[in-house]
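# Geometric and topological summary
The residues making up each chain are set out below.
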Amino acid sequence: MTSHDDAVSRYFAAWNAETDDEVRRAVAAAFTRDASYTDPVVDIAGHEEITATIIGVHKQFPGFEFRLSGSPDAHHHIARFSWELVSGADGSAPVAGFDVIALADDGRIRAVSGFLDRLPAA
């Protein structure tokens, strides 16, 4: 497993952690303390704000899991990958997108730029 694959795996572990405490621990393992996370919905930084965002998504989409779509594409200190938010109940995936991550020297994520390809109708 490459450092990119490891970082992507830790990223999904954070988004799919089941309890608030697990989310906190997984965020600390996946992201640098000052990591930034920017997508069309949020522009945040740091463990506290990333943790709060993940917990908020869990509350908005209970019973859903983030899943990697395809394989990550990576070079140097960056990687990009597609994902879907999938319902455990019926397999639907109302949200999908792709993210670009930048890695710090220690292999943790220092920045995420996210893009949303599919959102549920309001």
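How each quantity is defined
- Residues numbered from 1 in each chain as written.
- Predicted model: local features only at pLDDT ≥ 70, side-chain atom pairs only at ≥ 80, totals over all residues.
- Heavy atoms only, no water.
- Core = buried A, V, L, I, M, F, W, Y, C linked by side-chain atoms within 4.5 Å.
- Buried < 20%, exposed > 50% of the residue type's maximum accessible area, 1.4 Å probe, protein only.
- Helix = DSSP H or I, 4+ residues; strand = E, 2+ residues; numbered from the N terminus.
- Contact = heavy atoms within 4.5 Å.
- Pairing = 2+ DSSP bridges.
- Polar contact = N/O pair within 3.5 Å; in protein donor to acceptor, adjacent residues only side chain to side chain.
- Expected span 1.5 Å × (residues − 1).

Another point: the nonpolar core. Core analysis: the biggest nonpolar cluster contains 31 residues, and Tyr 11, Phe 31, Tyr 37, Ile 50, Ile 101 and Ile 109 have the highest contact counts within it. Those elements giving two or more residues to this core turn out to be helix 1 (3-16), helix 2 (20-30), strand 1 (31-38), helix 3 (46-60), strand 4 (78-87), strand 5 (95-103) and strand 6 (109-118). Ignoring anything within four residues of it in the chain, the contact list for Phe 31 reads Tyr 11, Ala 14, His 47, Ile 50, Arg 108, Ile 109 and Val 112.

Moving on: the pairing of strand 3 (residues 64-75). Side chains on a regular strand alternate between the two faces of the sheet. Where strand 3 meets strand 4, nine bridges bridge the pair, whose relative direction is antiparallel. For Glu 65, the partnering residue across the bridge sits in strand 4 and is Val 86. Linking strand 3 to strand 4, which pair antiparallel, is a turn of two residues; within it His 76 sits at a positive phi near 45 degrees.

Attention shifts here to the pairing of strand 4. Taken together, the eight bridges between strand 4 and strand 5 define a ladder with antiparallel strand orientation. Within the sheet, the bridge partner assigned to Ser 82 lies in strand 5 and is Phe 98.

Among the secondary structure elements, Asp 99 is positioned in strand 5. In terms of polar contacts, Asp 99 uses its side chain to reach the side chain of Tyr 11, at 2.3 Å. For Asp 99, the residues in contact, after removing those within four places along its chain, are Tyr 11, Tyr 37, Ala 79, Arg 80, Phe 81, Trp 83, Val 112, Ser 113, Gly 114 and Phe 115.

The end-to-end C-alpha distance of helix 1, which contains 14 residues, comes to 20 Å, matching closely the 20 Å that a straight helix rising 1.5 Å per residue would cover. Of the residues making up helix 1, those classed as buried are His 4, Ala 7, Val 8, Arg 10, Tyr 11, Phe 12, Ala 14 and Trp 15.

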